[in-house]
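Chain residues, written in single-letter form:
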Amino acid sequence: NPTRIILLDDMLARRTAQVAGLKVWGTLLLLLEAKSQGLVDKIEPYVTGLSEAGMWVSAEVKQRILILAGES
C-alpha cells in the first residue's frame, strides 16, 4: 500500500487531517523534498515567490527552511 500524503498549509486543516490519521506535508516540506530529489537546485526563489504571492512565512521559518535546504 503506497504512502499517501495530503498537502495542506492551513493550520486547522492540518490538525484535522492529522487527527484523522493522514500524513500531512506543507508546501515548504514539499519544496525541501523536491530539492532532495534533485528536481530543483534552490528553494529560496520559490519561498520568496510564495511570500510575495501572499503565503505567510515568518522570517524565522524562512531562515530554518533555508538552513535545512543548505542555502543559508
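Structure's up top.
Residues numbered from 1 in each chain as written. Predicted model: local features only at pLDDT ≥ 70, side-chain atom pairs only at ≥ 80, totals over all residues. Heavy atoms only, no water.

Chemist: Let's hear about the overall build of the chain: which residues, and what values?
Modeler: The helix and strand tally for the chain stands at four helices and two strands. Counted from the first residue to the last, the chain has its helices and strands arranged as β-α-β-α-α-α. The principal-axis extents of the C-alpha atoms in the chain amount to approximately 35 × 25 × 20 Å. Expressed as a percentage of its 72 residues, the buried residues of the chain come to 26%. Excluding contacts between residues fewer than 6 apart, the proportion of contacts in the chain whose partners are at least 24 apart in sequence is 25%. Of the charged side chains in the chain, 8 are positive and 8 negative, and the gap between their average positions amounts to 7 Å. (Helix = DSSP H or I, 4+ residues; strand = E, 2+ residues; numbered from the N terminus. Buried < 20%, exposed > 50% of the residue type's maximum accessible area, 1.4 Å probe, protein only. Contact = heavy atoms within 4.5 Å. Lys, Arg positive; Asp, Glu negative; His and termini not counted. Charge placed at Lys NZ, Arg CZ, Asp CG, Glu CD.)

Chemist: Can you explain the side chain of serine 58? Please cite residues and give values.
Modeler: Positionally, serine 58 belongs in the loop between α3 (44–52) and α4 (59–68). Within the structure, serine 58 has its side chain in polar contact with the backbone nitrogen of valine 61 (distance 3.0 Å). (Polar contact = N/O pair within 3.5 Å; in protein donor to acceptor, adjacent residues only side chain to side chain.)

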